[in-house]
Structures are given as C-alpha cells and as structure tokens.
There are 2 protein chains.
Amino acid sequence: MDAAARDAQGSEVLEWRVTVPEGASVTVEHEAGAAGRACAWLVACVIMVRAAVAGFARKVWKIGADDPRRAVHALKVGLALTLVSIVYYTRPIYDGVGGNAMWAVMTVVVVFEYTVGGCVYKGFNRAVATVSAGLLALGVNWVAEKSGDKLQPVILSGSLFLLAAAATFSRFIPTVKSRFDYGVTIFILTYSLVAVSGYRVDELLDLAQQRMSTIGIGIVICLAICLVVWPVWAGQELHLVTVRNMEKLAGAVEGCVEDYFAAKPGQAAKSEGYKCVLNSKAMEDSQANLARWEPPHGRFRFRYPYAQYTKVGAAMRHCAYCVEALNSCVRAEVQAPEHVKRLLGDVCTRLAAQGARVLREASSSVSAMTSPKTLDFAVADMNTAVQELQVDLRALPPILAAESAAEMSLMDAMPLFTVASLLIEISARVEGVADAVDTLASLANFKLVEADDDDKKGQTEMKVHPLNEPGADASTQENPTTKHPEHA
Amino acid sequence: MDAAARDAQGSEVLEWRVTVPEGASVTVEHEAGAAGRACAWLVACVIMVRAAVAGFARKVWKIGADDPRRAVHALKVGLALTLVSIVYYTRPIYDGVGGNAMWAVMTVVVVFEYTVGGCVYKGFNRAVATVSAGLLALGVNWVAEKSGDKLQPVILSGSLFLLAAAATFSRFIPTVKSRFDYGVTIFILTYSLVAVSGYRVDELLDLAQQRMSTIGIGIVICLAICLVVWPVWAGQELHLVTVRNMEKLAGAVEGCVEDYFAAKPGQAAKSEGYKCVLNSKAMEDSQANLARWEPPHGRFRFRYPYAQYTKVGAAMRHCAYCVEALNSCVRAEVQAPEHVKRLLGDVCTRLAAQGARVLREASSSVSAMTSPKTLDFAVADMNTAVQELQVDLRALPPILAAESAAEMSLMDAMPLFTVASLLIEISARVEGVADAVDTLASLANFKLVEADDDDKKGQTEMKVHPLNEPGADASTQENPTTKHPEHA
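Residues numbered from 1 in each chain as written. Chains lettered and ligands numbered in written order. Predicted model: local features only at pLDDT ≥ 70, side-chain atom pairs only at ≥ 80, totals over all residues. Heavy atoms only, no water.

A. Spatial organisation of the overall build of chain A. On a plain count of helices and strands, chain A comes out with 20 helices and zero strands. Residues classed as buried in chain A amount to 49% of the 488 residues present. Across chain A, contacts joining residues at least 24 apart in sequence account for 80% of those joining residues at least 6 apart. Counting only carbon and sulfur atoms, one obtains 63% of the accessible surface of chain A, whose full area is about 23,000 Å². (Helix = DSSP H or I, 4+ residues; strand = E, 2+ residues; numbered from the N terminus. Buried < 20%, exposed > 50% of the residue type's maximum accessible area, 1.4 Å probe, protein only. Contact = heavy atoms within 4.5 Å. Areas by Shrake-Rupley, 256 points an atom, 1.4 Å probe, with all protein chains shown as cover.)

Structure representation (structure tokens):
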C-alpha cells in the first residue's frame, strides 16, 4: 500500500465520519483496524508456524545428518518389530506360542537398544530374570497350593511383598544398579505376574514354557538385527569419544596459550575444546558399563579393559580442570603488558605445543591401538620444555629489574607467572593422561607394530633414527593425523 | 594345643615311624598333613565366606542407614504390589477388568519410582502414550479392515514399521529424550500390540477400555502410595543437594587456604569437598527434569524455577574447577618458603574466609528460601578483601627486595603468587554463584522476612544495625549455621 492509496483510504474514513454519528465512526475505525490487525496477525502466525516447523525440521534433519546411525537405528527398530509381527501372523508359530506372542513384541520394544552392549545387557537381564523369577514363583506357588486355601493368598501376597521390597532395595547397591537394574525390574514383574495369576502349578508350567519361548524369539530377533545391520558398539563409541576428547584437549592446551600470546585472541572454538571433556563422566561410565556386555568384535577382544577408559577419562578431566583455569586467565581483563608477555612467549608456546603433542600421540596410539612407543619421548621433551620454562622464569626478575620501575613490572608480570604455573601444572596432568594411556596399552595388549600403511611408515622411520635421537620424535609428530580408517 | 601336647604328638608320630616302613610312614605323614590342610582350608573358606557375607551385609545395611528413605521406598513398592494383587484377588474388580488385570501389576512395577517426580513422569507418559497410541491404532485398524483381506497385513505392518522408526528416531531429539522417553517406548509398545493383535475393531474397543481402566488403577495406586507414604520429592532433593554442595564448596575454599598457610596440612576431608561438586551435573539435570513433573508441595510452588538450580550448579562447578587447581597448588611439592608465605597469610586467609562466607550465606538463603539480603554485603566484603590482597601483592616486591638475594626470593614467591591469583579468580567465580542465587531468589520469589525463630533473630539484629554498618554483616555471619528444620 503506497502513500497515495493510504491517503485515499484516509479520506474515505473521513467521509464516513461525516455521515455517521461520532461514536459509531470510532467503532468502525476500530473494526477496520482490528480486521487488518487480525489479518496481519494471522499472516504472522502462519509465517511463525512455518518458520517453527522449518526450524524443527532442520533440527531433526541435523540430528540425523550428524550421525546417520541414528536414522539407521530407527529403521532397525521398525524392521525388528515388523519381523516380530510377521512371526505373529504366521499361523504355525502363532499357534505354537499362543496369545503369549505379545511377549515377543514387548521384548523387542523394550530390549532393542542403540548399542549392541545395551541390547545384550537388556536381553540377558530379561532372560535370566524371567527364568529365575518364574522358577521361584513356581516353587512358592507349589508350597502355597499345598498349604490350603486359607493360607494360599497369605503366602503368595506375603512373598510378593517381601521379594518386591528386597529386590527394590537391592537396586540401591551400586553394582546391582549398574549391571542388573533392568533385570531387577523384570524379576519383580515376572514374579508378581506368576504369583498373582491364580493359575494352578501345572497350568503355570505350560504358560511358563510358552512365555520363555516367545521372549526367546524376541531376544533373538533383537540381537540378530542389532548385530547384523550396521552394529553400534558401546565399546567403540567409548574408544572414539576418548580419542576425540584427547584431541580436543590437545587443541585447547595449544589454543589457550596461542590466544594468550597472540596479538588478537581468536580461535575461541579451538581453545574451548576442553569443555567437552569436563562433563563426559556420565556418558563414559554408561558406555563402559554397556561395553562389558559386548561380545569380542574387531580389535576389541574378550575381556577388553573398558574400565581403564574411564580412568583415562578421569585423567583427562583432571587436566581439563586446569585448562579451564588457564582459559579464564587468558580471557581475564587484567593482563601482563605485551613486552613482559613476550619474554616468556616462546617458551610457553613451546611447552604448550609439547603438551599438545603428548596428548596427540597418546590419542593416536589409542586410536590405532598401537603401543605408544614414542609417547615416553614426547613426555621427556615436554618435561625438558617445563625445565626451560622454569629456567626462563628464574631469569625473569633480573631482566625486569634492569628495566625502570622494576617493582611495577614485577607486579604487572604476575598474571604471566600464573599462566606459567598453570602450564607447568597442566603438563604434570598431561603426564597423568599419558600414564593412564600407557596402562591402557599394556592392559589391552596394544600391538607393538601396526600393519597400517601410515603407521608402518612411522615405524620404519622410527627404525631409521636411533630411538634417543630427537629426529625420531619429529617423524612421529605426523601420527596424530593418521587415524585408523575404521575409526575415522 | 600347648607345647607339651605337641611334644607328645610328635613322639607318637616318631613311634609310628619306627613300627611301619619308611615309605608308608611318609605317606601317613602326608595324609595327616593333607587332611590338616584341607581342614584349615575349609575353616579358612568358612571364615572368608562369613567375612564376605558380613561385609556385604554391612555394606547393604550402610546403604539403608545412610538414607532410610531407600528402605521405605522398597517397602512402598512391596505395599503397592500387594495392594494391586489384592485388587486382583477381589472378585468383583477381577471380573470387571478380566485377564487384563496383569496390566495393573505391570504398571505398578514399571511406574513406581523413587521420587514423586519420577512417578508422575512415568505415570503421565504411560497414560498419555497408551491412550494416543491406542486411538491411532484403532483408526489404522479401521482403515485396514475396510481395505480388504489382502491389503490389511500390508497396511498394518507398514504403519507399524513407519511409526516405530519415527518414534524411535524422535528419542534422539533432546527435548523428547528428557521429557517423553518412556512415553515413546509405551507408544510403540501399545501401537504394536493393538495393531498386531489381529482383533476386530469392535473387540479392540472393548479390550482398550479394559486396559485403560487397569492401567489407570495401577497409576492411581502408585501415585497414592508415592504421595502419601513419606514422599521423596525430586525438587527437594535438588534443593538439598544444591545447598549441601554450596556448603562443601565453602568448606573447600576455606580448607585449601588454611592448609596452605598452616604449619602442617591436615583437614584433607574438608578441603576436598569440592569433588562432590565437580561431578554433580548428571544428577542435577535428572532431578531438575523430574522435579518439573511434581505438583506444588511445601514451599515449592507451581512452576517453581527448578531449571535455575542447574544454573546455580553450573556456577558452582565453574568455581570448583578453580578450587581444584588451587588444591593442587596447595599439595604441590615446590612451595614458597614459610617466611614468604607468612607475608600474605593473613590477607589470603581473610579472603578465603570471606569467599566461604558468601557461599555459606548463599547456601543458607537457598536453604531457608529467604531473600539473600545480606549476600550483597558479603560479596562487597569479599571484594574489599580482594582489593586488600591486591594491595598486599603490590607491596610484596619491595619487601622481598629489601631482603638479601631478592631475585631468588621473588622466584620462590612464585607459587604464592599463583595461589593468590587463583584465590582472586575463585572470588570472581564465587560472585558468579552469588549472582545465580540472586536470580534464583527473584525467580522463586524467596520471602523477604522469614518467620523462623533463628531467622527472625537475624532479621531483628539486622534492623538494629543500619544496613550499611559493618556490624550488620557480623551479626548475620551466624546465619550459615541456622538451617531450616525441614532441610536440616
């Protein structure tokens, strides 16, 4: 609507005002305005809803695109359920397991988990809990049947009360909670259903046999689909998240120090990688818990030391706490003057680079599952850098004293001292990470020589250089970029 | 067996050796030894088993004794199940809901959670998911019935595949995951059971109505027992853990600095209280998630800002990271010499005490749910202490320079500088906690004047002193010890 049109409308309104009483004119004006506003509001609503739907769709798409295995998992669940329903429709099997076939459906719905470990954990718990609770209930039912009509409900209800209470309480025991939580639920469920059913023992035996077979069918279908169609291994997830977090931590150590000594702090994304490490405990613990249920797969053999990954994770968090403190020093308002900073710039950057290198070598060793041979040299280099920093720190006061207003300069240098101390503390903690990775390597029997092309190159070059020559380290510094194709 | 008896036995063995051939004598000796060893082994086994059982029993007892509500929860579950089984045994209701009564049992087993929030969350999710999936399945079944015998299984299986896949994928959306995870499981379960059952729509309507009523009975029994018998509120748990963590953090700040300047570092327990704060994220998030389902109770009104507690928790963790770094400085091998430490001892201890005071006032304000009126003064006092520390730090180089070997002293003082810088950073983060608590107080409409006896005393004394007089703070410094009886 251009200005002329608006004027025309305005004159129309004015005409109206002449012909009708004033009160009505005001109302009409309001109505016209209200209708227009309602229209605008509707249009705005439609636009908003469209935007919201589009935004939601984008978000959902991103969730799938970030990790296509999620979409595959959804399709796998659909497939498993459809398979079960086909079993249900196929008459011979249907007649064999009777109306109990719903237990197969139920089993698939509740047992099918994202990771193989989750699936095995739930399947195992469901099977064992159903069998044990069923047998116990049969025994108690038999005793109750023998003790007469009057005592029977008392025995059944009493045993139900006691068992349910005891089983529920057992969930507060940490081991039970972490390994058998689902099993306890199924135990209580099965016991209640059997004990309360009111069937006679011989009827129950029939029922139990049917139910076992249906639950068995459900578990077998779940495990088969979970294992065959693009399996997601909790152990591998844990492995990958450890490797990724270690690389992020390396980037953060390097990034923080670079930001501190750079003219313009940038790279916030790189230097804040430590944040992923800080809150990873819950995720790592649950993955390690599930991973222990997984059968051997790929290079994750039977009794693979998944628990050690949580210790590596703890060492990384220990390091990340300090990086967090360092990062806040880097972003602090009060800073040492540039000319003071420059005195330690080189040595600090070198130390950070060495710390990052240790973390990257540790990460590539875990990633490739090879023995971290050069890690010790990297740690030794890092410790040399720590000593250099300490020497430079000791040399600092005389240099500053030589300048005018020495005391002021010393005071100004304090934030720099803090950064240096934190860096020294961080390198001690990086060494802790390296130690944890060393333990992991020996517990998991990481291979000494890797058959991978990239690693072979690294190994060959290592053999060319005597082990204690610095060149050996320079050649393996490329390692962090060589990821095992399986894990890339 | 005393020495004389052993001698007598020894001579007996000797006599044997005289009367039987040597080989046999050796065998007899061996047998006697083996039998003895077996005996000893058995005894050791029994002792070990007894010790293990006793140890396990002690552990279990401790779990219950630490928090008797756990034992009460177990009894509540037993009670709920027994009640449901009585409903099942009571003929009129039994006939009314038919064989579907098992759904009531199943509902109780899976819906009964430790906290009221968990119970409501699961009950609501189960009810809504059952109804919505049931209706949808009825609609699809109706369409399938109309489309003839050949298309029917295709439509039913196809819709099951698509819906199961879509629902499973929706669990990866964070909002769905945190609020409706259980509902999605039940949705898939109900839809599969109804769609696959093979019943006609009119039969299904009957079945659906029965199942709804049984699930309703289960949910009502769960909620009733959960709410009536010693309810555990997720919101209150979150509240208490926040208060407790804040006090532990206060103790850690104080303890670390006291340890640093004390002649002999002790109190490790006190100064390591920050560890509880570091890993509390997962627990706080889940409690806040459950708390939003809870009806208003006590002083937790409708739409109480539980989410702000997670922000207070995040601020506390932010502070704890720095306390962790400080703690490692305190326990470091390289320390500043005692005479240098002593120069900043008083002012650092004062700052730590002020920081701890801010945290304690914030904690007691949250605990008593009163507006943190004196918190601003405590923060101001803390900032004054920060400035004092900064002044003392600036005065340090001339003092050290006056001593002999000034440069060495300065270098030695470096660890002290780091401790001081970390303390300053910690007080900035403590202020962040205070800000988060302020926001919580305004969002949750914390009362301005508290009717409690202890708090009234505090308030009265506050009115006696003009607000900007330092005395006002001294009087309220007692506050941290006055806990609301409900929360003690």
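B. Quick peek at the relation of the copies chain A and chain B. Aligned on chain B, chain A shows an RMSD of 0.3 Å; the corresponding rotation is 179° and the shift along the axis is 0.0 Å. Given the turn and translation reported, the copies of this chain are related as if by a two-fold rotation axis. A share of 100% of interface residues in chain A that are also interface residues in chain B marks the association as one of identical surfaces. (Least-squares fit on C-alpha atoms with pLDDT ≥ 70 in both.)

C. View of the side chain of B:Ser280. With respect to the helices and strands, B:Ser280 occurs in the loop between α12 (274–278) and α13 (281–291). Excluding residues within four positions of it along the chain, B:Ser280 makes contact with B:Asn245 and B:Arg317.

D. Geometry of the interface of chain A and chain B. Tallying the contact residues gives 68 residues for chain A and 68 residues for chain B. Both sides of the chain A and chain B interface together cover about 6,400 Å² of buried area, and 77% of this is carbon and sulfur. Inspection of the chain A/chain B interface yields two salt bridges. Among the salt bridges present, the one from A:Arg429 reaches B:Glu324, with a minimum N-O distance of 2.6 Å. (Buried area = accessible area lost by both parts, 1.4 Å probe. Salt bridge = Lys/Arg side-chain N within 4 Å of Asp/Glu carboxyl O.)

E. Region of the structure containing the environment of A:Thr439. Residues and elements named next belong to chain A. You can see Thr 439 is positioned in helix α18 (residues 414–443). Residue Thr 439 is classed as partly exposed on the basis of its relative accessible area of 35%. For the pair Thr 439 and Tyr 121, spaced 318 residues apart in sequence, the C-alpha to C-alpha distance is 27 Å.

F. Local environment of the pattern of salt bridges. Residue and element names in this part refer to chain A. Taken as a whole and judged by the stated rule, the model has 35 salt bridges over all chains. Where Asp 67 meets Arg 69, a salt bridge forms, and the shortest distance between an N and an O atom there is 3.0 Å. Given a relative accessible area of 17%, Asp 67 falls into the buried group. Classification of Arg 69 as buried rests on a relative accessible area of 19%. Between Asp 381 and Arg 357 there is a salt bridge whose closest N-O contact spans 3.1 Å. With Asp 381 in helix α16 (residues 375–402) and Arg 357 in helix α15 (residues 338–368), this pair connects stretches of sequence that are 24 residues apart. Overall, the relative accessible area of 27% leaves Asp 381 in the partly exposed class. When salt bridges with common partners are traced through the structure, they connect Asp 259, Glu 272, Lys 275 and Arg 331 into a single cluster.

G. Region of the structure containing helix α10 (residues 234–261) of chain B. With 28 residues, α10(B) extends 40 Å between its outermost C-alpha atoms, agreeing within 8% with the 40 Å of an ideal straight helix rising 1.5 Å per residue. By the criterion of burial, α10(B) is predominantly enclosed, with 23 of the 28 residues buried. (Expected span 1.5 Å × (residues − 1).)

H. The side chain of A:Arg69, seen in detail. Position of A:Arg69 among the secondary structure elements: in helix α3 (residues 68–89). Sequence-distant contacts of A:Arg69, defined by excluding residues within four places in its chain, comprise A:Tyr114, A:Trp230, A:Val232 and A:Glu237.

I. View of the packing of helix α10 (residues 234–261) of chain A against α18(A). Residue and element names in this part refer to chain A. At their nearest, the axes of α10 and α18 sit 12 Å apart, and the two run at 165° to each other. In terms of orientation, α10 lies roughly antiparallel with respect to α18. Pair α10 / α18 crosses with left-handed handedness. Together, Met 246, Val 253, Val 257, Tyr 260 and Phe 261 of α10 and Pro 415, Leu 416, Val 419, Leu 423, Ile 426, Val 433 and Val 437 of α18 make up the contact between the two elements. (Axes fitted to C-alpha atoms, helices over the stretch in contact; angles between N-to-C directions. Parallel < 35°, antiparallel > 145°, perpendicular 65-115°, else oblique. Left-handed = near helix turned anticlockwise from the far one by under 90°.)

J. How the structure looks around the state of the cysteines. For the structure on display, the rule yields zero disulfides over all chains. A:Cys322 takes part in no disulfide bond, and the closest cysteine sulfur, belonging to A:Cys319, lies 7.2 Å away. B:Cys39 forms no disulfide, and the closest cysteine sulfur to it belongs to B:Cys45, at a distance of 12 Å. With relative accessibility at 49%, the residue B:Cys39 sits in the partly exposed group. (Disulfide = S-S within 2.5 Å.)

K. Focus on α18(A). All names here are of chain A. Compared with an ideal rise of 1.5 Å per residue, which puts 30 residues at 44 Å, α18 spans 44 Å between its outermost C-alpha atoms and is within 8% of the ideal. Of all 30 residues that make up α18, 21 are buried, and the element is covered over most of its length. Positive backbone phi, at 50°, marks Asn 445, one or two positions downstream of α18.

L. Here's a closer look at the UniProt feature "transmembrane region" (unreviewed entry) in chain A. The feature "transmembrane region" (unreviewed entry), as given by UniProt, occupies residues 73–89, 101–120, 127–144, 150–170, 182–201 and 213–234 of chain A in the numbering adopted here. Within the segment residues 150–170 of chain A, helix and strand shares are 100% and 0% respectively, and the terminal C-alpha atoms sit 31 Å apart. (UniProt positions renumbered as here; feature names shortened; annotations may be inferred.)

M. Structural detail: unusual backbone geometry. Backbone geometry places A:Arg303, a non-glycine residue, at a positive phi of 55°. Structurally, A:Arg303 can be placed in the loop between α13 (281–291) and α14 (306–330). Since its relative accessible area comes to 70%, A:Arg303 is described here as exposed. At B:Met369, a residue that is not glycine, the phi angle is positive and equals roughly 55°. Here B:Met369 lies in the loop between α15 (338–368) and α16 (375–402).

N. Examining the environment of A:Phe446 more closely. All names here are of chain A. Tracing the backbone shows Phe 446 in the loop between α18 and α19 (453–464). Here the alpha-carbon distance between Phe 446 and Ala 368, two residues 78 residues apart in the chain, equals 8.8 Å. If we ignore the near neighbours within four places in the chain, the residues touching Phe 446 are Tyr 304, Ser 365, Val 366, Met 369, Thr 370, Ser 371, Leu 440 and Ala 441.

O. Structural detail: a nonpolar patch on the surface. Residues and elements named next belong to chain A. A cluster of nonpolar residues, Leu 79, Leu 83, Ile 86, Leu 227, Val 228, Val 229 and Trp 230, forms a patch on the protein surface that exposes about 610 Å² of accessible area. In terms of residue count, α3 provides more of the nonpolar patch than any other element does, three residues in total. Residue classification places Leu 79 among the partly exposed positions, given a relative accessible area of 36%. (Patch = residues over 30% accessible without salt bridge, like charges linked within 9 Å, V, L, I, M, F, W, Y side chains within 5 Å.)

P. Highlighting the packing of α10(B) against helix α14 (residues 306–330) of chain B. Residues and elements named next belong to chain B. Interhelical geometry of α10 versus α14 gives an angle of 20° and a closest axis separation of 10 Å. Classified by the interaxial angle, the pair formed by α10 and α14 is roughly parallel. When the axes of α10 and α14 are compared, the crossing they make is left-handed. Its residues placed into classes, the contact of α10 with α14 shows 18 nonpolar, five polar and one charged. (Nonpolar A, V, L, I, M, F, W, Y, C, P; charged D, E, K, R; others polar.)

Q. Spotlight on the packing of aromatic side chains. All told, the structure shown has 22 aromatic pairs over all chains when counted by the stated rule. Geometrically, the ring pair formed by A:Phe124 and A:Trp293 is tilted, given 5.1 Å between the ring centres and 45° between the ring planes. In this pair, A:Phe124 sits in helix α6 (residues 116–146) while A:Trp293 sits in the loop between α13 and α14, placing the two residues 169 residues apart along the sequence. Seen in terms of ring centroids, B:Phe300 and B:Tyr304 are 5.0 Å apart; in terms of plane orientation they differ by 70°. Their pairing is edge-to-face. Assigned by exposure class, B:Phe300 and B:Tyr304 land together as buried. (Phe/Tyr/Trp six-rings, centres within 6.5 Å; stacked < 30°, edge-to-face > 60°.)

R. Just the confidence of the model for chain A, in detail. Residues and elements named next belong to chain A. On average, residues of chain A carry a pLDDT of 80, and 79% of them reach 70 or more. Within the model, pLDDT remains below 50 along residues 1–29, and this stretch shows six contacts once partners closer than five positions in the same chain are excluded. Throughout residues 450–488 the model reports pLDDT below 50, and contacts reaching past four residues in sequence, or to other chains, amount to 50 contacts. Model confidence for the complex: the whole-complex pTM is 0.78, and ipTM, which rates the interface, is 0.78. (pLDDT = per-residue confidence, 0-100.)

S. Examining the environment of A:Ala80 more closely. Position of A:Ala80 relative to the elements: it lies in helix α3. Distance from A:Ala80 to A:Val379, taken between C-alpha atoms, is 50 Å for residues 299 residues apart in sequence.

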